[in-house]
Amino acid sequence: MRGRLPAVAAVLGVVLTGCGVPPTGVVEAGGPASGLTSGARLYFASAGGLRAVPVGDREIRDLAAVVKLLLLGPPPGGRAGGLTSYVELPGFSATGTGTRVTLHLDGPYAGTGRDQGTGQLVCTLARAQSVLVPGVRTDDVEVVLRPAEDAPLGPYRCAEFLDR
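Residues numbered from 1 in each chain as written. Predicted model: local features only at pLDDT ≥ 70, side-chain atom pairs only at ≥ 80, totals over all residues. Heavy atoms only, no water.

Chemist: Help me understand the sheet that holds strand β3 (residues 92-97) in this model?
Modeler: Sheets are built from strands paired through backbone hydrogen bonds, the pairs being either parallel or antiparallel. Pairing is mixed across the open sheet formed by 4 strands, whose spatial order is β3-β4-β5-β6. Across the chains shown, the open sheet's two edge strands, defined by having one partner strand only, are β3 and β6 (153-156). Adjacent strand axes in the sheet meet at a mean angle of 15° when their direction is disregarded. Both β3 and strand β4 (residues 100-105) contribute to a ladder of 6 bridges, which runs antiparallel. (Pairing = 2+ DSSP bridges. Helix = DSSP H or I, 4+ residues; strand = E, 2+ residues; numbered from the N terminus. Axes fitted to C-alpha atoms, helices over the stretch in contact; angles between N-to-C directions.)

Chemist: Explain helix α4 (residues 116-132) to me, please; I cannot follow it from the model alone.
Modeler: Within an α-helix, residues lying three or four positions from one another point in the same direction, as the helix has 3.6 residues per turn. Across its 17 residues, α4 extends 24 Å between first and last C-alpha, which sits within 8% of the 24 Å expected from 1.5 Å per residue. In this structure D115 caps α4, since a side-chain oxygen of it lies 3.1 Å from the backbone nitrogen of G117. (Expected span 1.5 Å × (residues − 1). Polar contact = N/O pair within 3.5 Å; in protein donor to acceptor, adjacent residues only side chain to side chain.)

Chemist: Got a minute to help me understand the side chain of E142 in this structure?
Modeler: Structurally, E142 is set in strand β5 (residues 142-146). A polar atom in the side chain of E142 sits 3.2 Å from the side chain of R157. Leaving out residues up to four positions away in the same chain, E142 has contacts with T99, R100, V101, P155, Y156 and R157. (Contact = heavy atoms within 4.5 Å.)

Chemist: Help me understand the nonpolar core, please; the structure alone is not making it clear to me.
Modeler: When a protein is soluble and globular, its nonpolar side chains tend to lie buried together. Formed by 36 residues in total, the largest nonpolar core has its most connected members in V67, L89, L103, L121 and L125. Contributions of two or more residues to this core are made by β1 (41-46), β2 (49-54), α2 (63-71), β3, β4, α4, β5 and β6. Here this core gets 6 residues from one element, more than from any other, and that element is α4. Apart from the residues within four sequence positions on either side, V67 is in contact with L89, F92, L103, L121 and L125. (Core = buried A, V, L, I, M, F, W, Y, C linked by side-chain atoms within 4.5 Å. Buried < 20%, exposed > 50% of the residue type's maximum accessible area, 1.4 Å probe, protein only.)

This is how it looks when you write it as structure tokens:
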């Protein structure tokens, strides 16, 4: 048996390494893989905190467009699943540069700055900015709310409102 062991090992070595597939190097195939977290999302309130809902096939071209979508409320399936919206806004405009976003309000803001409605706005705007500006991560975006008549609220980051 001892004489056969080296022969068996040699045969196995040839069989396992000689399968006929030549080795390949790194194959360049574009950018890194992206999964379920790509694309814009709207954040809605639930009993368990904020929940992200993908915008689907709607193209987001600017920050104001994503706020308008948020103001429509959750989709029917989301409402049935307990999602709601606490966002109420007067007229508004939204601007963003790099990791900074400002939501300019035409009137007073009804939220406290630490409520789920504010979290909905902050997380939705942060996510949209990260989609619109290559290289910007949602976690790095700071959002400021600027009511027309009151002091600005923020800057806030989305993480401040998640898992509360």
